[in-house]
Amino acid sequence: MKNKLSFICIFILSSCATLDISYPLCDFPEHSPFPGGVISQTLRINAYEINEIDINQKNIYFCQVDKDHWKILAPISLSEEIKPIDIVKNGQSILEVPISNKAYRESKITITNQDLVSPPEEYLPRIKMETELGKAAISTLSRRFHTSLKMLLPTQGIKSSEFGVKRFINNQPRNRHTGLDLAASIGTEIISPLSGKVILVGNFYYRGKTVFLDHGGGMISTYSHMSKVVVQQGQSLEKGDLIGAVGQSGRVTGPHLHWQIILSGIPVDPELFLEPSL
Ligand SMILES: [Zn+2]
């Protein structure tokens with residue numbers, strides 16, 4: 001009889017436990033408070049307040065951890081000054097996040113062919129149009145949030161240029177390197193590191209054959225210099241689905257994938273999102 005009673009008690013307890021609301025793990029990148037990194041914090045706020053939060057007047061990426069705690073994620077621009085950034089709720093700072101410096105590598109190259117230093121004039125209208133297309137794609141803001149942002153490496157390549165490198169051509173400063181380069185032989189498969197939707201496919205002057213993916217919540221990833229694209233605009237992809245293959249289309253010196261992660265319009269270091277195997 002005693003055994004039977006204990007069994008009933010256990011049954012009741014376990015039934016009650018299943019009534020608890022389960023919350024996701026919210027597997028976000030580590031807090032990386034430097035230019036090119038991300039602010040990754042847990043805030044004690046409720047579901048009504050999460051939409052009142054902003055950082056630098058930009059949307060934040062978020063995930064509910066429990067009844068009154070939310071994880072938030074926001075980008076830090078490579079050009080951000082080294083001073084604290086405020087997490088703001090309804091116009092009032094609720095947390096000051098200290099930002100530290102990060103020493104990025106410099107890369108200096110000399111090119112004698114002027115057409116490779118600056119594009120010939122006839123390509124300028126095309127480049128302008130492609131820049132606008134890219135800007136529109138990276139400002140996509142769909143209301144779908146992932147609870148895990150841990151990503152697969154999109155191609156089996158060797159890291160040939162890291163994010164943030166300060167580039168100089170003939171001693172003239174150029175744009176910072178806003179992606180991660182993975183060198184691999186032509187034809188090496190490129191997969192989607194996270195589920196998402198194809199929002200733009202094109203063959204661009206600089207980027208070559210490129211795919212833009214929307215991962216929701218203002219997070220976009222891009223894949224450039226491909227030899228082959230096997231997806232179409234509007235297509236939904238699962239984590240690990242094939243996108244295409246490594247190539248050397250566009251302005252490149254050798255075959256590689258230029259991979260970007262852009263959060264609220266700001267490129268951040270893709271390595272922060274990788275599952276620990278890299
Ligand atoms: Zn690159």
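Source: prediction; values computed, not measured.

Student: Give a description of the overall build of the chain that names residues and reports values.
Tutor: Within the chain, the regular secondary structure consists of three helices and 19 strands. When each of the 278 residues of the chain is scored for burial, the buried share is 32%. Put simply, of all contacts in the chain between residues at least 6 apart along the chain, 67% involve residues at least 24 apart.

Student: Account for the domain arrangement of the chain, with residues named and values stated.
Tutor: Domain assignment breaks the chain into domain 1 (21–97) and domain 2 (106–273). Put simply, the middle of domain 1 and the middle of domain 2, counted by C-alpha atoms, are 26 Å apart. If you look at the interface, domain 1 gives 20 residues, while domain 2 gives 19 residues. Only β3 (61–66) and β4 (69–75) provide two or more residues apiece to the side of domain 1 that touches domain 2. Examining the composition of the side of domain 1 that touches domain 2, we find that three residues originate from one element, β3, more than from any other. A class-by-class count of the residues in the side of domain 1 that touches domain 2 yields 12 nonpolar, five polar and three charged.

Student: Residues and numbers for the environment of Gln233, please.
Tutor: Here Gln233 shows up in the loop between β15 (219–229) and β16 (236–237). Note: C-alpha distance between Gln233 and Lys197 (36 residues apart in sequence) is 8.0 Å. If we skip the residues at most four places from it in the chain, Gln233 touches Val198, Ile199, Leu200 and Val201.

Student: Lay out the sheet that holds strand β7 (residues 106–109) with the relevant residues and their values.
Tutor: The strand order across the open sheet formed by three strands is β7-β9-β10, and the pairing between neighbours is mixed. In this open sheet, the two strands that pair with only one neighbour each are β7 and β10 (172–173). In this structure, strand β9 (residues 166–169) lies alongside β10, joined through two bridges in antiparallel fashion. In the strand pairing of β10, Ile169 is matched with Gln172.

Rules and cut-offs
Residues numbered from 1 in each chain as written. Predicted model: local features only at pLDDT ≥ 70, side-chain atom pairs only at ≥ 80, totals over all residues. Helix = DSSP H or I, 4+ residues; strand = E, 2+ residues; numbered from the N terminus. Buried ≥ 20, exposed ≤ 12 C-beta atoms within 10 Å, placed from the backbone. Contact = placed C-beta atoms within 7 Å. Domains from an automatic or database assignment. Nonpolar A, V, L, I, M, F, W, Y, C, P; charged D, E, K, R; others polar. Pairing = 2+ DSSP bridges.

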